[in-house]
Amino acid sequence: MKAIRRFTVRPVLPDPLRPLSDLARNLRWSWHAETRDLFRSVDPERWAASGGDPVRLLGSVPPARLAELAQDRPFLRRLAAVAGDLHDYTTGDRWYQTQPEELPAAIAYFSPEFGITAALPQYSGGLGILAGDHLKAASDLGVPLIGVGLLYRHGYFRQTLSRDGWQQEHYPVLDPNELPVAQLEEPDGTPAQVALALPGGKQLHARIWLAQVGRVPLLMLDSDVEENDLGERGVTDRLYGGGSEHRLLQEMLLGIGGVRAVRTYCRLTGHPEPEVFHTNEGHAGFLGLERIAELCDEGLDFDSALESVRAGTVFTTHTPVPAGIDRFDRALVARHFGPDAELPRIDVERVLRLGMETYPGGEPNLFNMAVMGLRLAQRANGVSLLHGNVSREMFAGLWPGFDADEVPITSVTNGVHAPTWVAPEVFRLGARQIGAQRAEDALTVGGSDRWDAVADIPDQDIFELRRVLREQLVTEVRERLRASWRQRGAHTAELGWIDGVLDPDVLTIGFARRVPSYKRLTLMLRDRDRLMDLLLHPERPIQIVVAGKAHPADDGGKRLVQELVRFADDPRVRHRIVFLPDYGMAMAQKLYPGCDIWLNNPLRPLEACGTSGMKAALNGCLNLSVLDGWWDEWFQPDFGWAIPTADGAGTDPDHRDDIEAAALYDLLEQRVTPRFYERGSSGLPDRWIEMVRHTLSLLGPKVLAGRMVREYVERLYAPAALAHRSLEPDSARELAEWKGRVRAAWQEVTVDHVETSASAALAELGTTLALRVRVGLGDLGPDDVEVQVVSGRVDEQDRIGDATVVPLKPVGSPDQDGRWVYEGPLSLDRTGPFGYTVRILPAHRLLASSAELGLVAGPSEELVEAAGLLMR
């Protein structure tokens, strides 16, 4: 019989055990080993059955066991110690509290997904895991962050395989009352809610759930409430599901509703209001519109409010391709804003212009969320050095007239939250060397360039650690593979072969990630005979563990999964290569430590960062990767191997895959497997162990989320807070009026004449020339602009590289024609072909970048020809 109604019945804990409830509701347990050990000791079997979820565990423990624990003095002492540690962690001063006082009082961090723990399945892949690690690291550092996201009733899908290896999706219903979240309530006990206006006089209501991530509150909006009609209730049904309007409503709820949720949370709790708003990808970009509307309600005009909002906004882009950006039909967006819908006091045309693709090749009838995110943020960044370069190229059209390297998008390379991803065995080995507290500080706060103590760990200990982790992975793989085959319809009697799958003494390679085509899941299958030889080599075999989900709408990705699964089903190799379905955090935490090699072979440069290899590295796993994302930035031969790429223009994609697959096989055959299996005089693979040691000691400190969040604080959050404070209403009006005046007058700004003291096109190194420039400023004055000389070595097309920029100074008053003369030095500081040019940029004390307006004036082609601006 099926129940007609469902309740969640929570246990009544005896008074001495009440702190267990607080520990279960704070997600710090997901990365704090002592808290997890305490819950495990409540009932080891039920802990395993609950999937390591304290909320589910406490809901299943019999009252008799709870009564027994309430009388267990050693347990109560442990409980008091762990609860006291959490109190100290959440209330004491940490790194942030020791920094200068001008740091922001609070930062709101918006993301469409958050990967905190498998017990709160609200993530699909790298973006969500990164967001979760950002919150955890902020908590460890004491950064006053407020996370903002959506609570999806089905989360992302669960993945199984059909008998023939085709991906199948399942969407289990998640009951928030069974998750480690609590409903935010008004003082009278009613649920706190936000509402959005929809076309036709309807409303979209959402309640606010709170997940406590250590010190950081995570607010999650849920539209499955009685006040909504069926369609509106489904807005937060699935992560990345539905059609365009469904996605638009999700993103309006995240951005606009999210700001309203933050205001509600701060009102109810007294938490400081955020001074900085951080948009993690374009999905939450509408948050800027809501903040503009707030300021307009306080009396500011739209342009002034826009400047104020931009000053305190940080935008992080994660995609290296335009296809990865959400774009909506202009008419659809227009229908959801204006007098009959949301933000009625803002002119719809102003909204639409923020997302308009005004650059060459742009589509004027589409609304681009990343473009809006960039226009609403004074500070923007990519997620690795290479991705910063790619992003500047990709969005250069928004700053016409500037070279790509001057586009105001910086980069902060991602990091990973070590306490979440480092295996307990690895942590214990480090703690044995330097003590538990120092080891914990090294993994959370970071700050050092190298972990020197790793050098003192004996080779034998590293070798044994790696084998233990490999053995644990073998056990985990066999359990998951057996469960998968049962789901595929196999009988137990057919599955005896699984007991021989993988070998704890064989070189183990891991490959696990989402399955878009650019990540090339099946590159390893390019030459199947060669791969088979590697898997079955008599002296130096390899074994491979593969996992990954294709998007439900991506049949191409599903075909790649099926191709890999069918190869792994081959009885000749199925003991050496496995595909594990339903890749998620719980699997990943076993997979990274147990692998010797982490494989990554995307199409360069389409991997924005790729943090899975970082998690592997923190466990002593070496990377074998294309030079893309973070690996392009930090690769050294001590840390692993770089797969050569054939990414030149015009390379046929199939031919490119052939070349790069062959390079992968060559590396495995000639470099990787010999290094793993060769034994030194001690009987150990000492050269391999040395690479593990270098990876831990030199790469480990770089890949930390603590390092990443400190960079965000110092390079982006602190300047954004200062800019936000500088733009009180009068300053915001002044800046907006000045920008309007400059834009209106810019067409009259000209470089009319350039002359130098050089008499020939040949000069000696170290010579300083006198430069004199005559410019027209129209209705502007010298206080509105900066006139610059830009110089450096030039290539064959006379393009200046590695440029030096020097401002020139105005001399005297304007002449009879209203022209101004600027003078300054030009230093010939490099040998070889050398060139310079002159340009005029807008200048104002409140600009974050001279490129901010996208306006630049330079010499005309005729003037360039006449002036001889090139010195050879």
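Residues numbered from 1 in each chain as written. Predicted model: local features only at pLDDT ≥ 70, side-chain atom pairs only at ≥ 80, totals over all residues. Heavy atoms only, no water.

Trainee: What should I look at first to understand the packing of helix α1 (residues 18-25) against helix α6 (residues 73-91) in this one?
Mentor: If you want to describe how two helices pack, look at the angle between their axes and the distance between the axes. For the pair α1 and α6, the least separation of the axes is 10 Å and the interaxial angle reads 45°. The angle between the axes of α1 and α6 places the two elements in the oblique class. Crossing angle aside, the handedness with which α1 passes α6 is left-handed. Residue-level contacts link Pro19, Leu20, Asp22 and Leu23 of α1 to Phe75, Leu79, Val82, Ala83 and Leu86 of α6. Of the residues in the contact of α1 with α6, the class split is 8 nonpolar, no polar and 1 charged. (Axes fitted to C-alpha atoms, helices over the stretch in contact; angles between N-to-C directions. Helix = DSSP H or I, 4+ residues; strand = E, 2+ residues; numbered from the N terminus. Parallel < 35°, antiparallel > 145°, perpendicular 65-115°, else oblique. Left-handed = near helix turned anticlockwise from the far one by under 90°. Contact = heavy atoms within 4.5 Å. Nonpolar A, V, L, I, M, F, W, Y, C, P; charged D, E, K, R; others polar.)

Trainee: Whenever I open this one, the packing of aromatic side chains confuses me. Can you help?
Mentor: The geometry of an aromatic ring pair is captured by two quantities: the separation of the ring centres and the angle between the planes. A full pass over the atoms with the stated rule returns 18 aromatic pairs. Plain terms: the ring middles of Tyr156 and Phe157 are 4.8 Å apart, the flat faces sit at 45° to each other, and that makes the pair tilted. For Tyr156, a relative accessible area of 11% corresponds to the buried category. An aromatic cluster is built from Trp630, Trp631, Trp634 and Phe635, whose rings are joined through pairwise contacts. The cationic tip of Arg488 hangs over the ring face of Trp485; the distance from NZ or CZ to the ring centre is 4.1 Å. In this structure, Lys549 is placed above the aromatic ring of Phe157, and the distance from its NZ or CZ to the ring centre is 5.0 Å. (Phe/Tyr/Trp six-rings, centres within 6.5 Å; stacked < 30°, edge-to-face > 60°. Buried < 20%, exposed > 50% of the residue type's maximum accessible area, 1.4 Å probe, protein only. Lys NZ or Arg CZ within 6 Å of the ring centre and 35° of its normal.)

Trainee: Before we go on, may I ask you to explain the side chain of Thr317 in this structure?
Mentor: Within the secondary structure layout, Thr317 lies in the loop between β10 (313-316) and β11 (327-329). Beyond its immediate sequence surroundings of up to four residues, Thr317 is in contact with Glu281, Asn381, Gly382, Val383, His387, Ser391 and Phe395.

Trainee: Hey, could you run me through the pairing of strand β16 (residues 542-547) in this one?
Mentor: On any regular strand, side chains alternate: one points to one face of the sheet, the next to the other face. Within β16, 6 of the 6 residues are buried, which leaves it mostly tucked inside the rest of the structure. Of the two faces of β16, the one holding Ile542, Ile544 and Val546 and the one holding Gln543, Val545 and Ala547 are both buried throughout. Relative to β16, strand β15 (residues 507-512) runs parallel, the two sharing 6 bridges. In the strand pairing of β16, Ala512 is matched with Ala547. Each parallel crossover has a hand, and the one from β15 via helix α20 (residues 528-535) to β16 is right-handed. Bridge count for β16 against strand β17 (residues 577-580) is 4 bridges, and the pairing is parallel. Within the sheet, the bridge partner assigned to Ala547 lies in β17 and is Leu580. Following the chain from β16 across helix α21 (residues 555-568) to the adjacent parallel β17, one finds a crossover that is right-handed. (Pairing = 2+ DSSP bridges. Right-handed = clockwise from strand over helix to strand, strands pointing away.)

Bear in mind that shape data such as this cannot, by itself, settle questions of function.
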